[in-house]
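# Structural description and commentary
What follows is the residue order along each chain.
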Amino acid sequence: MADQPTAFERFVQGILPENPVYRQLLGLCPTLAVTNGMKPAITMACSVAFVLLCANIVISLIRNLLKPHLRIVVFTLTIATFVTIADRFLAAYLFQMSKTLGPYIPLIIVNCLIICRCEVCASKQSVGTAASDAIGQAIGFGLALSSIAAVREILGTGMFFGMRVLPSAWPDWVIMVLPPGAFITLGLLLGFVNWIGIIKSRRSVND
Amino acid sequence: MSDTMKNSDPKDPTETAGLHVAPSPHIKNTGTDTQRMMIDVMIALLPIVLMSVYLFRLYAVKQLFICVIACLASEFLFVWMRGKAITLSDCSAAVTGIILALSLPGSAPWFVGVLASIVGIGIGKIIFGGLGMNIFNPAMVGRAFVMIAFAQLMGAGSYENMTGLVDAVSGATPLSALKFNGLTMDIAPLFWGKTNGSLGETSTAACLLGGLFLVIRKTASWQIPLSILLTVSVIAGITDITGSYSGVFLVHHLFGGALMFGAFFIATDPVTSPLTAKGKWYFGLGTGILIMVIRLFSGYPEGVMFAVLMMNAVTPLINRWTSPQPMGEA
């Protein structure tokens, strides 16, 4: 286990260098589906953060009991437990938001980001490392979701978190809050992030 | 892109030599380069532009000006961002701008044309690698974007009787008047274009004139427009007979919408339509069916744009399906 990244490295990598959406292209279903406004995007990011953290901790605790051929089933069952908790919690305390998000909260069960983190980190490393990995990845996921949601909500409705930020003369680009807007925004932002990465690597080569 | 630039060089020996002996493939380049084609298209668009300027006056001039400038500027900007050679001289961006402007309503505000141009050229064309690489017709990508983004500004409500020259039911294109209100008009204004609609689509006469020029010059294939028009005629004709419209329905669907403009100028884009003659028939058939399906069964009164975009998407499949077998292979 000597070559495994430390807890701090796991934490930092999750935020930008290995951002789940922009670098690993994981969890794209919620990324595309719930980013038409900041509020659903933040709710989704928080739910994923909760499930990811709990799942990573539990998997890490039982990592020595895992049988290789059964591990995916165990991952899925663990994740499903916490997704159910998150889903019921939202339905109880944030009913309107739970309605808005619809099937996308239960669908966190099959969010490949969480299974990926269980497989890559939690099933191999200690609880502390797994937890810091989960927090880093969750922050990265939240950043990605809110960056896409910010572009879509501002251009699509002229609002940010439901408050008007652009002048009322702004013609709402309705397409941005519809599914095509999600694909266009994600594509352009992905290109932008890659472009920055290229510039950075060029600079570091020159230095 | 550098190939087409090279071919437009007048000193190219293949252009001047009367007899050119060379090993195969014997592809003759004279007069078929991009710039030549695009100038042909511009000449063919001239009657439509004149007609729209006559009908919609300053609205048409403004829209054409905005779209052409915005298309040229975004082509310049995005090609420069990609670090490629500037491709403004092949005129394709200018043609995209003209076609885009002619497909917009004259009353649409300035940002509609600008945004459609940026999206059409940027996302529709340069992102795929520039002219010749794009999957979708750039002008229609831009128009689809603003159509969905600004449904209010692009819908039937925006077609007001701006100059008083068109004898139309106020605020309606002939197709939406027929579809939503059951109102009809005479064949003469439909044919000559004194109706309401997007700038370039109203005049069937002008579209036919320009379109026939393109077909005779072989800049556009004849199979695509013919098969689209035949398919639409058959479906509209059947609807007409079964609905006992006594010809009105057929005439409206042939002359009333963007069918002529779309069939001759949008669907025939050589980049986004199939390569083989057989494929072009299939392409036209599919486009015609989709146009009528959208017109008859969707919330939109007009379907040329979406039909062409959908058929653009299956063009690679049509190409593979109809590519000729090399001799000797089973």
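Residues numbered from 1 in each chain as written. Chains lettered and ligands numbered in written order. Predicted model: local features only at pLDDT ≥ 70, side-chain atom pairs only at ≥ 80, totals over all residues.

### A word on the overall build of chain B
Spelled out, the test is: Counting from the N terminus, the helices are the DSSP runs of H or I reaching at least four residues and the strands are the DSSP runs of E reaching at least two. Comment: burial labels come from other C-beta atoms within 10 Å of the residue's own C-beta, placed from the backbone, where a count of 20 or more is buried, 12 or fewer is exposed, and between is partly exposed. Note on contacts: each residue gets a C-beta atom placed from the backbone, and two residues are in contact if those atoms are within 7 Å.
Regarding its fold elements, chain B presents 16 helices and zero strands. The burial tally for chain B puts 47% of its 330 residues in the buried class. Of all intrachain contacts in chain B linking residues separated by at least 6 positions in sequence, the fraction that spans at least 24 positions is 71%.

### Considerations on the overall build of chain A
Definition in use: Every radius of gyration here is taken over C-alpha atoms, with the globule rule written as 2.2 Å times N^0.38, N being the number of residues.
A count of helical and extended segments in chain A gives nine helices and two strands. N-terminal to C-terminal, the α/β element order of chain A is α-α-α-α-α-α-α-β-β-α-α. A globule of 207 residues ought to have a C-alpha radius of gyration of about 17 Å, and chain A, at 18 Å, matches this closely. Within chain A, the proportion of its 207 residues that are buried is 38%. A sequence separation of at least 24 residues applies to 75% of the contacts in chain A between residues at least 6 apart.

### Quick word on the environment of F56 of chain B
Residue and element names in this part refer to chain B. Relative to the assigned elements, F56 resides in helix 3 (residues 34–56). A tally of 25 C-beta atoms within 10 Å means that F56 is categorised as buried. Sequence spacing of F56 and S198 is 142 residues, and the spatial spacing of their C-alpha atoms is 9.8 Å.

### Observations concerning the confidence of the model for chain B
Residues and elements named next belong to chain B. Note the following rule: Across the chain, each position has a pLDDT score giving the predictor's confidence in that residue, from 0 to 100.
For chain B, per-residue confidence averages 82 on the pLDDT scale, and 85% of positions sit at 70 or higher. Low pLDDT (under 50) marks residues 1–15, which in the prediction has 20 contacts with non-local residues, meaning those over four places away or in another chain. Across the interfaces of the predicted complex, the ipTM metric reaches 0.80, alongside a pTM of 0.82.

### Observations regarding the packing of helix 3 of chain B against helix 4 (residues 58–81) of chain B
All names here are of chain B. Quick note on the threshold: Geometry is summarised by axes, namely lines fitted to C-alpha atoms with helices restricted to the contacting stretch, and by angles between N-to-C directions that run from 0 to 180 degrees. Oblique is the label for every angle not falling under 35 degrees (roughly parallel), over 145 degrees (roughly antiparallel), or within 65 to 115 degrees (roughly perpendicular). Three residue categories are used. Nonpolar comprises Ala, Val, Leu, Ile, Met, Phe, Trp, Tyr, Cys and Pro, charged comprises Asp, Glu, Lys and Arg, and polar comprises the others, including Gly.
Between helix 3 and helix 4, the least distance of the axes is 6 Å, while the angle of their chain directions is 130°. When the interaxial angle is binned, helix 3 and helix 4 end up oblique. In this structure, helix 3 uses V49, S52, V53 and F56 to contact helix 4, whose residues at the interface are Y59, A60, V61 and L64. Its residues placed into classes, the contact of helix 3 with helix 4 shows seven nonpolar, one polar and no charged.

### Quick word on the nonpolar core
Heads up, the rule is: Core membership is restricted to buried Ala, Val, Leu, Ile, Met, Phe, Trp, Tyr and Cys residues, and these are joined into a nonpolar core through C-beta atoms within 7 Å.
Counting 81 residues, the largest nonpolar core has I98, A101, M140 and V308 of chain B as its most contacted members. In terms of residues, this core owes the most to one element, helix 3 of chain B, which gives ten residues. Every residue in contact with A101 of chain B, bar those within four places of it in the chain, is listed here: Q63, L64, C67, V68, G113 and L199 of chain B. With 41 residues, the next largest nonpolar core counts M38, V48, C54 and C121 of chain A among its residues.

### Structural notes on the interface of chain A and chain B
In this assembly, seven residues from chain A lie in contact with seven residues from chain B. Of all the elements in the fold, those that place two or more residues in the side of chain A that touches chain B are helix 8 (174–177) and helix 9 (179–206) of chain A. Here the side of chain A that touches chain B is composed, by residue class, of seven nonpolar, no polar and no charged.

### Side note on helix 9 (residues 174–181) of chain B
Given 3.6 residues per helical turn, the α-helix brings residues three or four places apart onto the same face. Residues and elements named next belong to chain B. Residues of helix 9 that are buried include every one of P174, L175, S176, A177 and L178, and no others. Contacts made by the buried residues of helix 9 are with helix 10 (187–192), helix 13 (248–255) and helix 15 (277–297). Phi turns positive one or two residues past the end of helix 9, at G182, with a value near 70°.

### Regarding the environment of C116 of chain A
Take C116 of chain A: it is sitting in helix 6 (residues 112–122). A sequence separation of 60 residues divides C116 of chain A from N56 of chain A, and the C-alpha atoms of the two residues are 10 Å apart.

### Looking at helix 13 of chain B
Among the residues of helix 13 of chain B, F249, L250, H252, H253 and F255 of chain B are the ones counted as buried. Among the structural elements, helix 9, helix 10, helix 11 (204–216), helix 12 (223–242), helix 14 (259–266) and helix 15 of chain B are those in contact with the buried residues of helix 13 of chain B.

### Description of unusual backbone geometry
Residues and elements named next belong to chain B. Within the chain, R57 stands out as a residue other than glycine whose phi angle is a positive 50°. Along the chain, the position of R57 falls in the loop between helix 3 and helix 4. Of note, C91 is a non-glycine position whose phi angle comes to about 65°, a positive value. By the element assignment, C91 lies in the loop between helix 4 and helix 5 (92–102).

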